[in-house]
Amino acid sequence: MKKLTLKNTVKVTFEDGCNKYLDYCKQRNLREGTINHYKQSYKQFYKFFDPKMPIAELDSVMYKKYVVYLRKTLTNDRSINAYLRDLITTLRYLMSEGYLQEFKMESIKVDKSHIDTYSEDELALLLQKPNIKKCSFIEYQCWVMTNFLFCTGVRQRSLINIKIKDIDLDNNIAYINVTKNRTPLVIPLHQSLSLILAEYLRFRQYKSKDDYLFCNAYGAQLVKSTHYHMLYEYNKRRGVETTGIHRYRHTFAKEWVMSGGNVVALSRLLGHSNLNITQNYVNLLVSDLSHEVDEINLLAKYSGKRSIKMN
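**Focus on the overall build of the protein**
- Counting its regular elements, the protein contains 14 helices and three strands.
- In the protein, of all internal contacts separated by at least 6 residues, the share reaching a separation of at least 24 is 63%.
- In the form shown here, the protein has an accessible surface area of approximately 19700 Å², with 51% of it arising from carbon and sulfur atoms.

This is the structure:
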């Protein structure tokens, strides 16, 4: 007589498996933005994997074929790896739940690219204070936000969620309560930035300290798209063609390193979950600093102009 075994008679499709992982993400209370990110990745997956395919049919051979498919259809290795990471994360969850047999999955090797930062000339244009008597509130606020981003290195999500009550000008401190890893940050503010914020709050016309520090033209909280567009237009008006909010975070880290700042302190200010992330950040910045090494020739300082003749 054949021995009885537990067998899952319910056929779970690939689409079912993806939806199960989305439910798991919701149970873990992941951010809506993270869940939407997975949803976008799944749309890409469905171009190759039949959504109605039984998930149990997915194996290492099919996974490798998908990697080849991405290599043929996408030119950016970083984008390819982003999709692969999302697929690996989803499949590993399904493996742990018993819907799929375990097999080895790897992402592709990607060359590390340099980190884009604002140049000194660009910063000089962006940080120049506008004429308060002539500029609009939005123009002035963009200047304040630019100073804040450059001096603190906070992410966009953190910036647009700062409330007026989170700014302590008496002690020169900003409380950042919305962060990527959900760990609140306490960031010290330089006296120069505190003075800028003190002046800005006189123009902000807020009704309550629960209002958001930075707002749209009607005083409501900024959304990411509006915020990006505001700073994009601000850069263009200043004659700066390069743009990017996260670029300020890179620039902050670069300036910190160039000024001899402590990596451990930088890690805390950036809100990284561990020091390895910050060290990798710094390593990528090193390639961007190569021209600085050429300009600062330490050997020339001591060797002088003496020539050496060989007999």
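**Some details on helix α4 (residues 77–96)**
- Relative to the 28 Å expected for 20 residues at 1.5 Å per residue, α4 spans 28 Å between its end C-alpha atoms, a close match to the ideal helical length.
- Looking at the buried side of α4, the elements it contacts are α1 (14–27), α2 (32–45) and α3 (60–73).
- Structurally, the start of α4 carries an N-cap: the backbone nitrogen of Arg-78 is 2.8 Å from a side-chain oxygen of Asn-76.
- Immediately beyond the C-terminal end of α4, within one or two residues, lies Gly-98, with a positive phi of roughly 85°.

**Some words on the packing of α1 against α4**
- Put simply, α1 and α4 touch, their axes get as near as 10 Å, and they point 90° apart. Of the possible angle classes, the one that applies to α1 and α4 is roughly perpendicular. Packed against α1, whose contacting residues are Phe-14, Gly-17, Cys-18, Lys-20, Tyr-21 and Tyr-24, the element α4 presents Leu-87, Thr-89, Thr-90, Tyr-93 and Leu-94 at the interface.

**Let's talk about the confidence of the model for the protein**
- For the protein, per-residue confidence averages 87 on the pLDDT scale, and 87% of positions sit at 70 or higher.
- Taken element by element, the predicted model of the protein shows its lowest mean pLDDT in helix α13 (residues 290–295) (48) and its highest in strand β1 (residues 167–168) (97).
- Counting contacts from residues 291–296, a segment whose pLDDT is below 50, to residues more than four positions away or on other chains yields two contacts.

**What about the pairing of strand β2 (residues 173–176)?**
- Of the strand pairs in this sheet, β1 and β2 are connected by two bridges, and their pairing is antiparallel. Residue Asp-168 lies in a different strand from β2, and its bridge partner there is Ile-173.
- Pairing of β2 with strand β3 (residues 185–188) involves four bridges; the strand directions are antiparallel. Paired with Ala-174 across the strands is Ile-187, a residue of β3.

**Section: the environment of Ser-60**
- Within the secondary structure, Ser-60 sits in helix α3.
- C-alpha of Ser-60 to C-alpha of Lys-104: the two residues are 44 residues apart in sequence and 6.7 Å apart in space.

**Focus on the packing of aromatic side chains**
- Taken as a whole, this structure holds 23 aromatic pairs when the rule is applied.
- Measuring from centroid to centroid gives 6.1 Å for Phe-252 and Trp-256, while their planes differ by 40°, and the two rings are tilted. One end of the pair, Phe-252, and the other, Trp-256, are both in helix α10 (residues 246–258), four residues apart, so they sit about a helical turn from each other.
- Ring-pair connections join several aromatic residues into one group, and the members of that group are Phe-14, Tyr-21, Tyr-24, Tyr-38, Tyr-42, Phe-45, Tyr-46, Phe-48, Phe-49, Tyr-66, Tyr-69 and Tyr-93.
- The ring of Tyr-118 has Arg-247 sitting right over it, with the charged end atom 5.5 Å from the ring centre.

**Let's talk about the side chain of Arg-238**
- In this fold, Arg-238 is placed in the loop between α9 (224–237) and α10.
- Residue classification places Arg-238 among the buried positions, given a relative accessible area of 15%.
- Sequence-distant contacts of Arg-238, that is, excluding residues within four places in its chain, are made with Leu-125, Leu-126, Gln-128, Lys-129, Pro-130, Glu-139 and Trp-143.

**Concerning the nonpolar core**
- In this structure, Phe-148, Leu-213 and Phe-214 are the most contacted members of the largest nonpolar core, which totals 44 residues.
- For this core, the element with the highest residue contribution is helix α6 (residues 137–152), accounting for eight residues.
- Ranked by size, the runner-up nonpolar core spans 30 residues in total, among them Cys-18, Leu-22, Phe-45 and Leu-70.

**Regarding the sheet that holds β3**
- Strand order in the open sheet made by the three strands is β1-β2-β3, with antiparallel pairing throughout. Both edges of this open sheet fall to β1 and β3, since each of them pairs with a single strand only.

**A short note on the pattern of salt bridges**
- Applying the stated criterion across every chain, the model contains seven salt bridges.
- Two residues, Glu-15 and Lys-52, come together in a salt bridge whose shortest N-O distance is 3.1 Å. With Glu-15 in helix α1 and Lys-52 in the loop between α2 and α3, the pair connects residues that are 37 residues apart, well separated along the chain.
- Owing to a relative accessible area of 24%, Glu-15 belongs among the partly exposed residues under this scheme.
- One connected set of salt bridges, linked through shared partners, spans Glu-139, Arg-237 and Arg-238.

**Quick notes on helix α11 (residues 263–270)**
- Within α11, burial applies to Leu-266, Ser-267, Leu-269 and Leu-270. Buried residues of α11, viewed axially, fall in a sector of 165°; they line one side.
- Where α11 begins, the side chain of Asn-262 points an oxygen toward the backbone nitrogen of Val-264, at a separation of 2.7 Å.
- Of the residues flanking the end of α11, it is Gly-271, one or two places downstream, whose phi is positive at about 75°.

Rules used throughout
Residues numbered from 1 in each chain as written. Predicted model: local features only at pLDDT ≥ 70, side-chain atom pairs only at ≥ 80, totals over all residues. Heavy atoms only, no water. Helix = DSSP H or I, 4+ residues; strand = E, 2+ residues; numbered from the N terminus. Contact = heavy atoms within 4.5 Å. Areas by Shrake-Rupley, 256 points an atom, 1.4 Å probe, with all protein chains shown as cover. Expected span 1.5 Å × (residues − 1). Polar contact = N/O pair within 3.5 Å; in protein donor to acceptor, adjacent residues only side chain to side chain. Axes fitted to C-alpha atoms, helices over the stretch in contact; angles between N-to-C directions. Parallel < 35°, antiparallel > 145°, perpendicular 65-115°, else oblique. pLDDT = per-residue confidence, 0-100. Pairing = 2+ DSSP bridges. Phe/Tyr/Trp six-rings, centres within 6.5 Å; stacked < 30°, edge-to-face > 60°. Lys NZ or Arg CZ within 6 Å of the ring centre and 35° of its normal. Buried < 20%, exposed > 50% of the residue type's maximum accessible area, 1.4 Å probe, protein only. Core = buried A, V, L, I, M, F, W, Y, C linked by side-chain atoms within 4.5 Å. Salt bridge = Lys/Arg side-chain N within 4 Å of Asp/Glu carboxyl O. Arc of directions from axis to C-beta.

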